Amino acid sequence: MKTPSRALLVTTLLCGTALTAPTATAAAATGDEDRLQYVALGDSFAAAPLVLPTDTANRKCLRSLADYPHVAAKALDADLTDVSCSGATADDFSTAQHAGTAPQYDALSADTDLVSITIGANDSALSGLTVSCLNALPKPLGKSCAKANTGGGTDRYGKAIDAWAPKFDVVLDTVRQRAPHAKVFVVGYGKYFRDGGCFPLQPYWGQDADYIQAKIDQVGGVLRSAAARHGAAFVDAKDLGTGHDSCAPAADRYIGGTVPTRDAAPLHPNAAGSRAYGLALADAVRADTSTQ
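Residues numbered from 1 in each chain as written. Predicted model: local features only at pLDDT ≥ 70, side-chain atom pairs only at ≥ 80, totals over all residues. Heavy atoms only, no water.

### Notes on the nonpolar core
To keep it simple, the criterion reads: To define a nonpolar core, start from buried Ala, Val, Leu, Ile, Met, Phe, Trp, Tyr and Cys residues and group those joined through side-chain atoms within 4.5 Å. Exposed residues in this analysis have more than 50% of their type's maximum accessible area, buried residues have under 20%, and partly exposed residues fall in between, with area computed by a 1.4 Å probe over protein chains only. For the purposes of this entry, the term helix denotes a DSSP run of H or I that reaches at least four residues, the term strand denotes a run of E that reaches at least two, and both are numbered from the N terminus. Throughout, a residue-residue contact means that at least one pair of heavy atoms, one from each residue, lies within 4.5 Å.
In this structure, Tyr38, Phe45, Ile117, Phe168, Val175 and Leu281 are the most contacted members of the largest nonpolar core, which totals 72 residues. Per-element accounting of this core gives the leading share, nine residues, to helix α8 (residues 206–229). Beyond its immediate chain neighbours, meaning those up to four positions away, leucine 281 contacts Tyr38, Tyr68, Ala72, Ser116, Phe185, Val187 and Val235.

### Digging into the state of the cysteines
The line we're drawing: For this text, the term disulfide refers to a pair of cysteine sulfurs within 2.5 Å.
One pass over the full model with this rule turns up three disulfides. Bridging cysteine 61 to cysteine 85, the disulfide has an S-S length of 2.0 Å. Its S-S torsion of about -90° marks the bond between cysteine 61 and cysteine 85 as left-handed, since a negative value means left-handed. Note that cysteine 61 is positioned in the loop between α3 (44–47) and α4 (68–76) and cysteine 85 in the loop between β2 (79–82) and β3 (114–118), a separation of 24 residues in sequence. Assigned by exposure class, cysteine 61 and cysteine 85 land together as buried. Across the disulfide, cysteine 198 is cross-linked to cysteine 247 (sulfur-sulfur distance 2.1 Å). With the S-S dihedral at roughly -80°, the linkage between cysteine 198 and cysteine 247 falls on the left-handed side. You can see cysteine 198 sitting in the loop between β4 (183–187) and α8 and its partner cysteine 247 sitting in the loop between α9 (237–240) and α10 (271–290), a full 49 residues away along the chain. As far as burial versus exposure is concerned, cysteine 198 and cysteine 247 are alike and both buried. The disulfide pattern of the chain is 1-2, 3-4, 5-6 when the bonded cysteines are numbered in sequence order.

### Focus on the confidence of the model for the chain
The cut-off we apply is this: pLDDT: the predictor's confidence for each residue, scored from 0 to 100.
For the chain, the mean per-residue pLDDT works out to 89, and 88% of the residues sit at or above 70. Predicted confidence for residues 1–31 stays below pLDDT 50, and this span has 49 contacts to residues more than four positions away or in other chains.

### Structural notes on the sheet that holds β3
The test is simple: Strand pairing follows a simple DSSP-based rule, namely that at least 2 bridges must link the two strands. Every angle, taken between N-to-C directions, lies between 0 and 180 degrees, and every axis is a line fitted to C-alpha atoms, over only the stretch in contact when it is a helix.
As summarised here, the arrangement of the five strands in space is β2-β1-β3-β4-β5, forming an open sheet in which the pairing is parallel. Edge positions in the open sheet fall to β2 and β5 (233–235), since each of these has one partner strand only. In this sheet, adjacent strand axes meet at a mean angle of 20° when their direction is disregarded. The pairing of strand β1 (residues 37–42) with β3 spans five bridges and is parallel. Bridge pairing links leucine 41 to isoleucine 117 in β3. Where α8 meets the sheet, its contacts fall on β4 and β5, and the angle it forms with β5 comes to roughly 155°.

### Some thoughts on the side chain of asparagine 58
Operational definition: Polar contacts, as counted here, are pairs of nitrogen or oxygen atoms within 3.5 Å of one another; within protein the pair requires one atom able to donate a hydrogen and one able to accept it, and residues that are adjacent in sequence qualify only if both atoms are side-chain atoms.
Here asparagine 58 is to be found in the loop between α3 and α4. Take asparagine 58: its relative accessible area is 15%, and that puts it in the buried class. Within the structure, asparagine 58 has its side chain in polar contact with the backbone nitrogen of lysine 60 (distance 3.2 Å). Of note is the side chain of asparagine 58, whose polar atom sits 3.3 Å from the backbone nitrogen of cysteine 61. Among residues more than four places away in sequence, those in contact with asparagine 58 are Arg63 and Thr101.

### As for the pattern of salt bridges
Side chains that carry opposite charge are capable of pairing whenever their charged atoms lie near each other. The following threshold applies: Any Lys or Arg side-chain nitrogen found within 4 Å of a carboxyl oxygen on Asp or Glu counts as a salt bridge.
Per the counting criterion, the structure on display carries eleven salt bridges. Note that arginine 35 and aspartate 77 form a salt bridge whose closest N and O atoms lie 3.4 Å from each other. You can see arginine 35 sitting in the loop between α2 (22–28) and β1 and its partner aspartate 77 sitting in the loop between α4 and β2, a full 42 residues away along the chain. Residue classification places aspartate 77 among the partly exposed residues on the basis of a relative accessible area of 46%.

Dropping the structure here:
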């Protein structure tokens, strides 16, 4: 399928009519400005740390040149500004995450046509959860992190996600203010564990693997609901990853296992996953355009 030109995407994706600003559209269709101006915001799910090749322009962010934003940009023939950064929270969109690293919002402008966002896992401390849930030994020699974090009828991580949820509404409002003409695509998190996990292949007891995935899904629900409220599109990486979780044979995984490799950081998208998510994002952009 031929990738739509920026002229067509801008007029249909953003405006919904080919009658808007015909002079500007005609001019855009004749030069380099024809390419979509795409900005990618997000954390390590977007940045894909350890997936080669590495973006050496900013080593602190552990960003790959084969992460899902780069895959989508290539598929759409878009001009990409990828400011995703491993470890990012929503606060790092407005403040510098590292010395010499600009706030991610700074990449947005009135010229931005397309924005993708994945954020929320670090805001909810889910990286710490995955570490605390590790169990090298079978029951009853360890302890369940699910039990520890839901004792007394209170879901510690569930509460953290609920507390963070309003901040994502602020993120989407701010993106709209800074990139008023852009179409926004929120990319959710993937399928990390199948039901019941796969102990000892991945060292998480079944109830704990289910708890981790449930909290990832809860963040995904926040992203989906907020996207709907703000007129953004949602790309579901979880369903895409069914059968490709960290329990799958290594050749079939979209999410790396707990042992780091050159192809993926632990429990992060690998090269195959980044490609699948990027192509899904590109397909979503095209589908959104075709329905305008």
